[in-house]
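# Coordinate analysis (summary)
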Amino acid sequence: MSHARLLIAVAFLCAGGLVAGCGGSSSSSSASVGGTDTLTVDSKADSVAIRLLEGHGADAFASAPYLRFNFGIERPQGQQVVARHLWNRSTGEYRVEWASGPDSNYVALVNVRNVENQRPEGTVYLNGTELTGEAAQDAREQAYGRFINDTYWLLAPLKVYDPGVNRRYAADSSTAEHEVLRLTFGDVGLTPDDTYWLYVSTETGRLDRWSMRLQGMSEGATPRSYTWTDYVTLEAPDGEVTLATRHEAAEGELAILTNQLALPTSAPAGAFSTSTPMLASGE
C-alpha cells in the first residue's frame, strides 16, 4: 500500500475514511446509531464513541443522500480553497474539483465505492480534456486522496465506529470537561499508522479538538493539535447534523476549513458528467 501524503497546503492525508475495532470486554449492551446499524457497546471507549456519534447527528447523517463542501486553508494572508466536493452517498459517485495553478483545473468524476490500488474507477479532466495513461492514474489517486483526507477533517466524529478503527479510552488525558478517545487503525486507508486523540465535550458530546501523530512522525514527536470550531447545524431528512467548519492549529497561524456545507436532496444537472468546474457558483 502506498502511503504518499499531500503537503499541508494541500492538507494532510489523514487516516480518515477507515476504520475501527472495540476495546475492552465488559458486559455488552447495544445502541442504535447511524441509521439501521446497531452498535455493540463493550467498553468505556465505546460509550464515549456512541455519545460522539449522537452529539453530531449520526442517525440524521445516515439519511442524507448528498454531501457538498469545500476544503481549504486559512493563513494570515487569507483563505484558499483547495478542493470542492460533491458526493452521492447512495451510489458512491463523487465529484472533486481542484487546481494545481491558475490555468490547471482538474475535475475528477469517480466512484469511491469502486477502488483498486487507491485509484477509484472514473475519469479525470484537466481544463476540460480527459486525461489518459499514467497521468489519469496519478490524477485518480490524487482524487481519492482528496476524498479520504478532506472528508475525514469534516466527518471524523461520525467515523469512530467505522470498520478498522481501534478505540481506547484515554483515562490519563480525560478531565471533567473532556473524555478522550485514542484512535489507531488496522490495515486500512492511506496512512494506517496514524494515531488520533479525540477530545469529546462532556457537556455537548461534540468534538472540541483533536491531536494527531501522523505516519512518518517519530514516536516521541509532539502531536499536532487542532480546535474544532464554528459548528453549523444542517437539516437532513431524519433530523439535524452538526459539523465543524473550522479547525484551528494550536502551534501556528493556520486553520483547516471544511466549509460551504450542504446536505442537498438532489444534485445539479451534470454533476457527475460535466467535465469543467461547476461547484464554485454561489460561493
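Residues numbered from 1 in each chain as written. Predicted model: local features only at pLDDT ≥ 70, side-chain atom pairs only at ≥ 80, totals over all residues. Heavy atoms only, no water.

A tally of regular secondary structure across the protein chain gives 3 helices and 15 strands. Here the protein chain holds 283 residues, and the buried ones make up 50% of them. Look at the contacts in the protein chain between residues 6 or more apart in sequence, and 54% of them connect residues 24 or more apart. In the structure as shown, the protein chain presents an accessible area of about 12,400 Å², 44% of it carried by carbon and sulfur atoms. (Helix = DSSP H or I, 4+ residues; strand = E, 2+ residues; numbered from the N terminus. Buried < 20%, exposed > 50% of the residue type's maximum accessible area, 1.4 Å probe, protein only. Contact = heavy atoms within 4.5 Å. Areas by Shrake-Rupley, 256 points an atom, 1.4 Å probe, with all protein chains shown as cover.)

Looking at the protein chain as a whole, the pLDDT averages 85, with 85% of positions reaching at least 70. Scored below 50 in pLDDT, residues 1-36 shows 138 contacts in the model against residues more than four places distant or in partner chains. (pLDDT = per-residue confidence, 0-100.)

Considering all chains together, one arrives at 8 salt bridges under this definition. Residue Arg246 pairs with Glu74 through a salt bridge whose shortest N-O separation is 2.6 Å. Residue Arg246 is located in strand E14 (residues 239-249), and its partner Glu74 is located in strand E3 (residues 66-75); the two are separated by 172 residues in the primary sequence. Measuring nitrogen to oxygen at the nearest pair gives 2.7 Å for the salt bridge that ties Arg95 to Glu97. Of the two residues examined, Arg95 and Glu97, each falls in the buried class. (Salt bridge = Lys/Arg side-chain N within 4 Å of Asp/Glu carboxyl O.)

Moving on, we get to the pairing of strand E15 (residues 255-262). Bridge analysis of E3 against E15 gives 6 bridges, and the strand direction is antiparallel. Of the residues in E15, the one forming a bridge with Gly72 is Leu257. The sheet contact formed by E14 and E15 spans 3 bridges and is antiparallel. Residue pairing in the sheet places Arg246 in a bridge with Leu257 of E15. If you look at the hairpin formed by E14 and E15, you'll find 5 residues sitting between the two strands. (Pairing = 2+ DSSP bridges.)

This next bit is on the packing of aromatic side chains. A full pass over the atoms with the stated rule returns 12 aromatic pairs. An angle of 5 degrees between the planes, with centres 5.0 Å apart, marks the rings of Trp98 and Tyr106 as stacked. Look at Phe185 and Tyr196: their rings are 5.9 Å apart centre to centre, the planes differ by 85 degrees, and that puts the pair in the edge-to-face class. A residue pair is termed long-range when its members are at least 10 positions apart, and Phe185 in strand E10 (residues 178-185) and Tyr196 in strand E11 (residues 195-201) qualify at 11 residues. Accessibility classification places Phe185 together with Tyr196 in one group, the buried group. (Phe/Tyr/Trp six-rings, centres within 6.5 Å; stacked < 30°, edge-to-face > 60°.)

It is worth spelling out helix H1 (residues 44-56) at this point. Over its 13 residues, H1 extends 19 Å from the first C-alpha to the last, a length consistent with the 18 Å expected when each residue adds 1.5 Å. Buried residues of H1: Ala45, Asp46, Val48, Ala49, Ile50, Leu52, Leu53, Gly55 and His56, and no others. Here H1 starts with a cap whose side-chain oxygen sits 3.4 Å from the backbone nitrogen of Ala45, and that cap is Ser43. Just downstream of H1, Gly57 is the residue with a positive phi angle, here 85 degrees. (Expected span 1.5 Å × (residues − 1). Polar contact = N/O pair within 3.5 Å; in protein donor to acceptor, adjacent residues only side chain to side chain.)

The next subject is the nonpolar core. Within the largest apolar cluster, 65 residues are counted, with the highest numbers of intra-cluster contacts made by Leu183, Tyr196, Leu198 and Trp210. Broken down by element, this core gets its largest block of residues, 10 residues, from helix H3 (residues 133-155). In contact with Trp210, not counting residues within four places along its chain, are Tyr152, Trp153, Ala156, Tyr196, Trp197, Leu198, Tyr199, Arg224, Ser225, Tyr226 and Trp228. (Core = buried A, V, L, I, M, F, W, Y, C linked by side-chain atoms within 4.5 Å.)

The residue Arg68 is located in strand E3 in this model. Excluding residues within four positions of it along the chain, Arg68 makes contact with Arg84, His85, Leu86, Gln260, Leu261, Ala262, Pro264, Leu279 and Glu283.

Another point: unusual backbone geometry. Despite not being glycine, Asn127 shows a phi value in the positive range, around 55 degrees. With respect to the element layout, Asn127 can be found in the loop between strand E7 (119-126) and strand E8 (129-130). Despite not being glycine, Asp230 shows a phi value in the positive range, around 50 degrees. Here Asp230 is to be found in strand E13 (residues 224-236).

Here we come to the environment of Asn259. Checked against the element boundaries, Asn259 lands in strand E15. When the C-alpha positions of Asn259 and Arg246 are compared, they lie 7.4 Å apart, and in sequence the two are 13 residues distant. If we skip the residues at most four places from it in the chain, Asn259 touches Phe69, Asn70 and Thr245.

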